[in-house]
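Listed below are the residues making up each chain.
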Amino acid sequence: MPQSAAIISGIQRMVLYETRARYFLVGSNQAQTKHRVLKIDRTEPKDLVIIDDKHVYNQEEVRELLGRLDLGNRTKIGQKGSSGLSRAVSAFGIVGFVRFLEGYYIVLITKRRKMADIGGHSIYKIEDTSMIYIPNDSVRVTHPDEARYVRIFQNVDLSSNFYFSYSYDLSHSLQYNLTLLQRPYELWSSAASSAEGEVHTQSKQDSFDIFEDEGLPTQVVYGLQNEPYYKYVWNGKLLEQVKDIVHHDWLMYIIHGFCGQSKLLIYGRPVHITLIARRSSKFAGTRFLKRGANCEGDVANEVETEQIVHDASVMSFTAGSYSSYVQVRGSVPLYWSQDISTMMPKPPIRLDQADPYAHVAALHFDQMLQRFGSPIIILNLVKKREKRKHEKILSEELYPAVINLNQFLPPDHCIDYIAWDMARYTKSKLCNVLDRLSMIAENVVKRTGFFINRSDFYCHTLRPDDRWGDVGGHITVSGRVQTGVLRTNCVDCLDRTNTAQFMVGKCALAYQLYALGMIDKPKLQFDTDCVRLFEELYEDHGDTLSLQYGGSQLVHRVKTYRKIAPWTQHSKDIMQTLSRYYSNAFSDADRQDAINLFLQVYQPSETKPHLWELPTDFYLHQRSTMALPQDRRSYTLWWSEGILSYLPVAYDEVPCDDTMKKVKVKRVNRFEESIDIYTEFFKPYELTSFDDTFCIAMTNSAREFMPKTVGVDPSPFTVRKPEETGKSVLGNKSNKEETLLQRKTAASAPPPPSEEAISSTSEDDSEDDRDDDGSVSQRSTPIKLLTESGESTRTQEEIQQQAVKEPYGLNLAGFPAEEDLLTYKRFAHLGESQHRVERREHINLANISCLEPVSCFPEDSIYAVSLPQVDRDSRDVFESHVMTGQGQMRVLCRDDMLMYREYVKNRYM
């Protein structure tokens, strides 16, 4: 049993009951055995009055309480017509409380959908919400502009890409969450003893133990509750009013971005690939209205992308194998913007403020050093050569800023700067974009390393790989830790950035699968089921982030840079460009107002102008413009105190005094429901259908991408033709003969070239060489029905042979190979020798074959089998089973006493 575990929220379902004077929010755990009640006063017109009695009710007590409330709120005693307590809505969580010009509203999650599962911890997406006005109509003070603020607030679609979890901290990375659980026992014991009198004081009822006289020691587990990373929390301000009033289980923090999970089947072994993107809530906004950075070092369109790979055959965090890799995108950390007053597709870039000492960039990279450690690698993809200066302005400012900051850092922890004009290389026919990106990705992953919670396999020592030995990061006793991060940017941080991040993620995925023992070399090729699945995840990730920031889906995808996109993609790109232009010109301002109101950057008041009357929101995001800063940071020692002493490890992941203060520790029994992830995941108290489980509906590499023909290599790491994938074959069922001819041609085609050979030729192919239907890649072998001499390439016999090969996976008309015949002769000889042996004769396997018996039985033949030896434990289990059947009871062991003690404690106490 682990010595520490994450605490699961005790409130996962809630019902809102209404009376004339109060709202009663009754929350319960998943099994509905423990309840808490929140009382919200409705008689205050503008103030929020919430009472949490901190008492845990059982089901009978809650029913009795609701019955008394119903009886006490009726207009006449004994009246049954109109109930004094009515049920308003059922919900799964509280988003927060918000007030505009009248009273407070409560925002509840009414629908949810499971999107991912990490180590038994479920991640949900918000599907629908309900916004309820708290004060009663009799005390409501109306305001004419209240309805407009409500409409603006509801423009933030909470059903679009907002995620939460009851037991997993989504604002932190997997590396942070797992290293927190792996911290030494002494740290938690001291923290628990110091906090026991302050925060985690238990009632006498909870601490009473009727088994104290039995002399059975209680197995203590340290339950951990970590403070979220508020930069990626989107409802932090909405919960600020009640954070210190209510119990922690009522608080549920949500993130905004993307979450997707797919299942990679490697010969039946499930490996889950999860992609989580966290969008920053600081300096958040839309494309042209939020550029560069603010005075606190927060940049626009900052997204932290984490890819998690884990062996799904073992669920537990402590026993399972988990790996993750993190990278970041964000606008160039300078004071810059674009003038949108002119209706231009590309407004001119202007530098708003001089920053000769790179103060803003220093604040930004200080945040990154604290969260990720070193090295920080900048991949700048903006253009270098332009007829008129546009994107080049940003590079000319960013590079001197990095040089200025590096002169004060130690040489081992300097910021790396890589500038590469990706757009120029894309237009060139002599250079291949993805080859260059793969080289950059290989160097980046080797420098930063990646996280894995297990030590290296022994096979890596027996068959060492040159690239594996060069992987960086910090090696610990339990595995590896990623140190540093790649920060990718172009101008918009959308199309080019997503492709570059995909290539880095593809390289990291190869190392992750190699570290988990799934592949023999840390390298993945294009056109495999694994990479296709990963590419689909990244395209969904890119489309989602692009819609949030730019107003349209991706314009240039991975296929575009591979030069294999179908001709129909060009028309789609044009439509996406027009959609992005329309969104930026007409709807971005309204979306920006909604974001500012939702994040409480702007808080309405009768003493200041309305949100729609402000000429700009610059002053809302730049605090230094409204008040002079009290403490100015040094231009030379520009990092926070204590960071350099722990580099390359991130300061946030070091168990020092500052970080330990952010973690609340609670001593619980190992059978406690609040840390039981097994019950949380499998829900043994519910009747569930296997077909409705999340793992069945998840994207599956074998179902979605693997060819449906028998006899094809089922490995997801085999290079396939685009027309051979599961989706293409299923989509072309109409023309059966053409499919048959394509498979015959593909089977007789030469083996696929290596990734380098494929990539080197993809640039030289012109777009005119693509097929008319656009479904066949340039890399694939062209399918021709006639040879160059005009003769038919198919005879009737070949088609019949192919028809035989279709269902059975082999050509029965062909003569077997000599090696196969030799194997068959040995098998026949073995059978003849076996049947000559008489039963009374002693069987000597050495005279028949040189096979070593692998069974646990001493003799292994068709005539004699001796029973295996049964150990003492198995005999005891069987004897106790027989005694129970006869009505006799055996003496209870220590584990039975512990289990019975927990049952009595939970049931009757």
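All of these numbers come straight from a predicted model, not from anything done at the bench. (Residues numbered from 1 in each chain as written. Predicted model: local features only at pLDDT ≥ 70, side-chain atom pairs only at ≥ 80, totals over all residues. Heavy atoms only, no water.)

Caption draft 1: Representation of the pairing of strand S3 (residues 22-28). Judged by how many residues are buried, S3 sits mostly within the fold: six of seven residues are covered. Summarising the sheet, strand S2 (residues 13-18) and S3 pair through six bridges and their orientation is antiparallel. Bridge pairing in S3 links Arg13 to Ser28. The antiparallel pairing of S2 with S3 creates a hairpin that spans three residues between the two strands. Judged from the seven bridges that link them, S3 and strand S4 (residues 35-41) form a sheet pairing that is antiparallel. (Buried < 20%, exposed > 50% of the residue type's maximum accessible area, 1.4 Å probe, protein only. Helix = DSSP H or I, 4+ residues; strand = E, 2+ residues; numbered from the N terminus. Pairing = 2+ DSSP bridges.)

Caption draft 2: Highlighting the sheet that holds S3. Strand order in the open sheet made by the five strands is S5-S4-S3-S2-S6, with antiparallel pairing throughout. What marks the edges here is a single partner per strand, and that holds for strand S5 (50-52) and strand S6 (86-91). Across the sheet, the mean angle from the axis of one strand to that of its neighbour is 20°, orientation sign disregarded. (Axes fitted to C-alpha atoms, helices over the stretch in contact; angles between N-to-C directions.)

Caption draft 3: Region of interest: a positive patch on the surface. A contiguous patch of positive charge on the surface is contributed by Lys384, Arg385, Arg424 and Arg436. Position of Lys384 among the secondary structure elements: in the loop between strand S18 (376-380) and helix H7 (392-406). (Patch = residues over 30% accessible without salt bridge, like charges linked within 9 Å, V, L, I, M, F, W, Y side chains within 5 Å. Areas by Shrake-Rupley, 256 points an atom, 1.4 Å probe, with all protein chains shown as cover. Salt bridge = Lys/Arg side-chain N within 4 Å of Asp/Glu carboxyl O. Lys, Arg positive; Asp, Glu negative; His and termini not counted. Charge placed at Lys NZ, Arg CZ, Asp CG, Glu CD.)

Caption draft 4: View of the packing of aromatic side chains. Taken as a whole and judged by the stated rule, the model has 30 aromatic pairs. Centre to centre, the rings of Phe100 and Tyr105 are 5.7 Å apart; their planes meet at 45°, and the pair counts as tilted. Ring plane angle 55° and centroid distance 6.1 Å describe the contact between Phe162 and Phe598, whose orientation is recorded as tilted. Taken together, the positions of Phe162 in strand S10 (residues 162-164) and Phe598 in helix H15 (residues 568-598) put the pair 436 residues apart, joining distant regions of the chain. The side chain of Lys506 reaches across the aromatic face of Phe526, ending 4.9 Å from its centre. Directly above the ring of Tyr602 sits Lys608, whose terminal nitrogen or CZ lies 5.0 Å from the centroid. (Phe/Tyr/Trp six-rings, centres within 6.5 Å; stacked < 30°, edge-to-face > 60°. Lys NZ or Arg CZ within 6 Å of the ring centre and 35° of its normal.)

Caption draft 5: Fine view of empty space enclosed by the protein. Per the counting criterion, the structure on display carries eight cavities of 30 Å³ or more. Within this model, the largest cavity holds a volume of roughly 130 Å³. Around the largest cavity, the lining residues are His172, Ser173, Gln175, Tyr176, Glu304, Val326, Arg371, Phe372, Gln482, Gly484, Asp652 and Glu653. Listing elements by their share of the lining of the largest cavity, those giving two or more residues are helix H3 (174-181) and helix H6 (359-372). Partitioned by chemical class, the residues of the lining of the largest cavity number three nonpolar, five polar and four charged. What the second largest cavity holds in volume is close to 50 Å³. (1 Å grid on protein atoms, 1.4 Å probe; cavity = no way out; pocket = protein on both sides within 12 Å on 5 of 7 lines; lining within 4 Å. Points joined across faces, edges and corners; volume = space filled by probe spheres on them. Nonpolar A, V, L, I, M, F, W, Y, C, P; charged D, E, K, R; others polar.)

Caption draft 6: Geometry of unusual backbone geometry. With an omega of 5°, the peptide bond between Ser374 and Pro375 qualifies as cis. Looking at where Pro375 falls in the secondary structure, it is placed in the loop between H6 and S18. Here the amide bond leading from Leu647 into Pro648 is cis, since omega sits at 10°, within 30 degrees of zero. You will see that Tyr267, though not glycine, has its phi angle at about 55°, which is positive. Topologically, Tyr267 is positioned in the loop between strand S12 (255-266) and strand S13 (269-279).

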